[in-house]
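If you want the building blocks of each chain, they are given just below.
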Amino acid sequence: MLSNRFVKYVTERVMRMNPFVFACIAPHGGEIIPELGGTKPERMRLTRDSMMKLGHKMHDAKPDTIIVLTPHGTRIDGYFSVSNSEKMYGFVEENDGFYELERYVDRDLALAITKEAKEHNIPIASINYGTASGPISCLPLDWGAIVPLSFMPDVPIVVINPSRDLSFETHIKLGQMMNQVVQKSNKRVALIASCDWAHAHDERGPYGFDPAAALLDEEVVGFIRSNELEKMAEFDHEYIDAAKPDGIWQTLILAGAIPKEARNIHLYSYEVPTYFGLICAEITSSQTSYHVY
């Protein structure tokens, strides 16, 4: 016999383990944005439809802040970089289309993440541009953030760029620090791991063809389905270099931020409409079912 008090305790414990109100793995191919679909809007329709579903879920979660993990922002060799400007602005041009986006930055949360990481000896740097504050304090917003954010509510953001000079274990550790900061923040925080996958699916693409692309993407889809994101840290670096994914680092941060026992993953879609793989997945809190008599 289980009491209501015990069920409440278990539920609260799971929420502490996963303090994010919403989380997802989302791609950032420009054509996903309807305005950039050009003459072939059907080419990424499956992914676009999945992103719309994720966007609806994000709106329903009512986040105060969205943390975006992107591989295409300001890079600092050997350091994670965290946005600390007043706002961020960027645009994407593709297929004769134009899309722009501006978001304010949650500087309090950004600085809290930076401080917590430094206290745990994680190499991290807070970045700004122009002036310390005010309208000129504006960092560029990259397409890795713009594309998924175009489907999400207009709330302040924190943009974090990983460093491939740092170990996979350090990326997981950063996620763990983010978890602690969000727990203490009393804010409704959402998390997006912006990831495209292998970029060597098509010989006509900019990176050519390599059979490792299909193999790696197949493994990634398997790890997502089985909720074993941490296993991406076991990929051989030559294998990664051949397949050319850009999603592993952000996914490992997410894996640290939401531990395996606290997450369920729902794969919405996987497709390769051009030369790189696209995955949409939602991460929800793991809930154990109990019967109260």
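Residues numbered from 1 in each chain as written. Predicted model: local features only at pLDDT ≥ 70, side-chain atom pairs only at ≥ 80, totals over all residues. Heavy atoms only, no water.

> Looking at this model, I keep getting lost on the sheet that holds strand β8 (residues 157-161). Mind explaining?
Across a sheet, paired strands are connected by hydrogen bonds in the backbone, their directions being either parallel or antiparallel. What the eight strands build is an open sheet, ordered β6-β3-β8-β2-β9-β1-β11-β10; its pairing is mixed. Of all the strands in the sheet, the pair left with one neighbour each is β6 (124-127) and β10 (263-271). Mean inter-strand twist for the sheet, computed between neighbouring axes without regard to direction, equals 20°. Here strand β3 (residues 80-83) runs beside β6; their pairing, made up of four bridges, is parallel. Within the sheet, the bridge partner assigned to Ser81 lies in β6 and is Ala125. Helix-sheet contacts for helix α2 (residues 45-61) involve β1 (22-26), β2 (65-69), β9 (189-194), β10 and β11 (278-285), and the interaxial angle to β10 is about 150°. Helix-sheet contacts for helix α8 (residues 248-257) involve β1, β2, β3, β9, β10 and β11, and the interaxial angle to β9 is about 150°. (Pairing = 2+ DSSP bridges. Helix = DSSP H or I, 4+ residues; strand = E, 2+ residues; numbered from the N terminus. Axes fitted to C-alpha atoms, helices over the stretch in contact; angles between N-to-C directions. Contact = heavy atoms within 4.5 Å.)

> For this particular structure, what's the right way to read helix α5 (residues 168-185)?
Think of an α-helix as 3.6 residues a turn; residues three or four steps apart then line up on the same face. Between its terminal C-alpha atoms α5 stretches 26 Å, which fits the 26 Å expected from 18 residues at 1.5 Å a residue. Taken together, the buried positions of α5 are occupied by Phe168, Thr170, His171, Ile172, Leu174, Gly175, Met177, Met178, Asn179, Val181 and Val182. At the C-terminal side of α5, Asn186 shows a positive phi close to 60°. (Expected span 1.5 Å × (residues − 1). Buried < 20%, exposed > 50% of the residue type's maximum accessible area, 1.4 Å probe, protein only.)

> Explain the environment of Leu252 to me, please; I cannot follow it from the model alone.
With respect to the helices and strands, the residue Leu252 is situated in helix α8. Separated by 81 residues in the primary sequence, Leu252 and His171 place their C-alpha atoms 6.0 Å from one another.

> Got a minute to help me understand the nonpolar core in this structure?
The tendency in soluble globular proteins is for nonpolar side chains to be buried as a group. Counting 56 residues, the largest nonpolar core has Ile67, Ile224 and Met232 as its most contacted members. Listed in part, the 36 residues of the second largest apolar core include Val147, Phe151, Ile157 and Ala190. (Core = buried A, V, L, I, M, F, W, Y, C linked by side-chain atoms within 4.5 Å.)

> It is not clear to me how the packing of α5 against α8 should be interpreted in this structure. Could you clarify?
The packing of two helices is summarised by the inter-axis angle and the distance between the axes. One can describe the packing of α5 onto α8 by two numbers: an axis separation of 6 Å at closest approach and a directional angle of 45°. Compared by their axis directions, α5 and α8 come out oblique. At the point where α5 passes α8, the crossing takes the right-handed sense. Facing α5, whose interface residues are Phe168, His171, Ile172, Leu174, Gly175, Gln176, Met178 and Asn179, α8 presents Ile248, Trp249, Leu252, Ile253, Gly256 and Ala257. Residues that form the contact of α5 with α8 fall into these classes: nine nonpolar, five polar and no charged. (Parallel < 35°, antiparallel > 145°, perpendicular 65-115°, else oblique. Left-handed = near helix turned anticlockwise from the far one by under 90°. Nonpolar A, V, L, I, M, F, W, Y, C, P; charged D, E, K, R; others polar.)

These values are about where atoms sit, not about what they do.
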